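What follows is the residue order along each chain.
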Amino acid sequence: LTFGANASFQIERADQFFISQDLDSLSLVPKTSSSSEYNKTTIDPHLNYSNLKGHNYRLQIRYINIFRNGNGADIDAVSHGLTINNQYQYRFKEKLLILTAGLPFQMGYSQSNLYVNSGSHFNFNIAAYLQAEVNYKILSLQAGMRYEIVGLDTNYTFGLPLESRKQPGQYSKAGAPVFRAGLNIQ
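Bear in mind the structure is a predicted one, so any value in this text is a computation, not a measurement.

*Asks:* What is the right way to read the side chain of Thr-42 from this model?
*Replies:* Relative to the assigned elements, Thr-42 resides in strand E2 (residues 33-50). If near-sequence neighbours (up to four positions away) are discounted, Thr-42 is found in contact with Asn-6, Ala-7, Ser-8, Arg-62, Tyr-63 and Ile-64.

And the structure:
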């Protein structure tokens, strides 16, 4: 059993400007400029467990916060993100059979003056996957499936792919899991 946490904090101050005031005679004179101050915080707790019977469990979490201090008419911009990766793996007779399953989850919330209508957005992605791998002498077989639910504000879809829309802004609520398979001979 191992566990721990990592964290970081960063401060960024940047000035940006557009170089072109007049394309004919003043091309290298700054026309407008703006300055921004960003604070970025990242926290990464993690846990790994394994035993001699072939069971392995891994949990990785990441919280990230980005804050931009507004200046003048700009509002403060903030972004929160959370990622959780759960993975269980079972190895039978060394590597003869490997079963892997997971439940990854991501969500985010952001607020900025760049978002015209509401000023903020919420998104999420949750999935479930299962994969089996068989290794025997020179032969390796893999097969797996994944199913996702994805959402942005009030629009969401089940399954993949995301391109199935009924009308602009409306996502299909039906979907299918994604399958994969492979065969390797060494």
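*Asks:* Please clarify how the pattern of salt bridges should be interpreted in this entry.
*Replies:* Close approach of charged atoms allows side chains of opposite charge to pair. One pass over the full model with this rule turns up 3 salt bridges. Residue Glu-37 is joined to Arg-13 by a salt bridge in which the shortest nitrogen-to-oxygen separation is 3.4 Å. Of this pair, Glu-37 sits in strand E2 while Arg-13 sits in strand E1 (residues 2-17), and the two are 24 residues apart along the sequence. The partner of Glu-148 in a salt bridge is Arg-146, with the nearest N and O atoms 2.8 Å apart.

*Asks:* What am I meant to see in the confidence of the model for the protein chain here?
*Replies:* Interpretation of this model should avoid reading the predicted coordinates in detail wherever pLDDT is low. Per-residue confidence for the protein chain gives a mean pLDDT of 82; residues scoring 70 or more make up 74%. The secondary-structure element of the protein chain with the lowest mean pLDDT is strand E10 (residues 165-167), recorded at 47, while strand E5 (residues 97-102) shows the highest, at 96. Low pLDDT, under 50, characterises residues 161-169; the predicted model gives this stretch 9 contacts beyond four residues in sequence or across chains.

*Asks:* What am I meant to see in the environment of Arg-146 here?
*Replies:* Within the secondary structure, Arg-146 sits in strand E8 (residues 139-152). In this structure Arg-146 comes out as partly exposed when scored by relative accessible area, which is 30%. In this structure, the C-alpha to C-alpha distance between Arg-146 and Ala-176, residues 30 residues apart in sequence, is 9.2 Å.

*Asks:* Please explain the pairing of strand E4 (residues 77-92) as it appears in this structure.
*Replies:* Along any regular strand, the residues point their side chains to alternate faces of the sheet. In the sheet, strand E3 (residues 55-69) pairs with E4 via 14 bridges, with the strands oriented antiparallel. Across the sheet, residue Tyr-63 finds its bridge partner in E4, namely Leu-82. Taken together, the 7 bridges between E4 and strand E6 (residues 105-111) define a ladder with antiparallel strand orientation. Bridged to Ser-79 within E6 is Ser-110. Where E4 lies against E5, 6 bridges are found, and the strand directions are antiparallel. For Arg-91, the partnering residue across the bridge sits in E5 and is Ile-98. Connecting E4 to the next strand, E5, in antiparallel fashion are 4 residues, including Lys-93 with a positive phi near 50°.

So, how was this worked out
- Counting restarts for each chain: residues are numbered from 1 in the order of the written sequence.
- Per-residue local features of the predicted model are confined to residues with pLDDT of at least 70, and side-chain atom pairs are confined, for both listing and counting, to 80 or more; whole-chain, interface and lining totals are unaffected and use all residues.
- Water and hydrogen atoms play no part in the side-chain values, which are based on all heavy atoms of the structure.
- Think of it this way: any DSSP run of H or I at least four residues long counts as a helix, any run of E at least two long counts as a strand, and we number them from the N terminus.
- We call two residues contacting when some pair of their heavy atoms lies within 4.5 Å.
- Salt bridges are defined by distance alone: a side-chain nitrogen of Lys or Arg within 4 Å of a carboxyl oxygen of Asp or Glu.
- Every residue is assigned a pLDDT by the predictor, reflecting its confidence on a scale from 0 to 100.
- Under the scheme applied here, a residue whose accessible area is under 20% of the maximum for its type counts as buried, over 50% as exposed, and between as partly exposed, the area being computed with a 1.4 Å probe on protein chains only.
- Paired strands are those between which DSSP finds at least two bridges.

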